[in-house]
Amino acid sequence: AVKLYHSTLQLRKLRERAEFEARVRRLAGKLGRDVYKGFWKKLERVVGYKQRLDGENRRRRDMDRHLVELVRQTEKYGEILIEGRQNELGLDRDGPRFTIEE
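Given the structure is predicted, the values throughout are model-derived calculations rather than measurements.

Observations regarding the pattern of salt bridges
Within this structure, the stated rule accounts for four salt bridges. Here Glu21 ties to Arg17 by a salt bridge, and the two come within 3.5 Å at their closest N and O atoms. Here Arg17 and Glu21 lie together in helix α1 (residues 2-89), a separation of four residues that amounts to about one turn. Glu21 gets classed as partly exposed once you look at its relative accessible area, which sits at 33%. Arg17 sits in the exposed class, given a relative accessible area of 54%. The closest approach of N and O atoms between Arg85 and Glu88, which form a salt bridge, is 3.0 Å.

Below you can see the structure in the form of structure tokens.
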């Protein structure tokens, strides 16, 4: 009876230790997965933010270039219009082409 008691006690302790180690492994795996998922989610967010910033900067740079091009084109057309209007009125940039004699 004493021998049976000690053998069952030893088996029970071994089983409890195995169950404890299994619980610890499951818990560690769960924590590892949670940390891993959290890390990648944060990393995804950072990468997305960086890509969005790069896209916005590229778009802003392109829009600035386009604006400069439009301003130059407008200035050129404005000068052409002014020259055409002056030619219609008979004016030079230096002054009138004709003189009025008194």
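Let us keep going from here.
Let's talk about the packing of aromatic side chains
According to the stated counting rule, one finds two aromatic pairs in the structure shown. Centroid distance Tyr36 to Trp40: 5.9 Å. Interplanar angle 75°. Geometry classified as edge-to-face. With Tyr36 and Trp40 both in helix α1, this residue pair falls four residues apart, about one helical turn. Summarising the aromatic geometry, the rings of Phe39 and Trp40 are spaced 5.1 Å apart at their centres and angled 75° between planes, so their arrangement reads as edge-to-face. Its relative accessible area of 38% is what places Trp40 among the partly exposed residues.

Cut-offs used in this document
Residues numbered from 1 in each chain as written. Predicted model: local features only at pLDDT ≥ 70, side-chain atom pairs only at ≥ 80, totals over all residues. Heavy atoms only, no water. Salt bridge = Lys/Arg side-chain N within 4 Å of Asp/Glu carboxyl O. Helix = DSSP H or I, 4+ residues; strand = E, 2+ residues; numbered from the N terminus. Buried < 20%, exposed > 50% of the residue type's maximum accessible area, 1.4 Å probe, protein only. Phe/Tyr/Trp six-rings, centres within 6.5 Å; stacked < 30°, edge-to-face > 60°.

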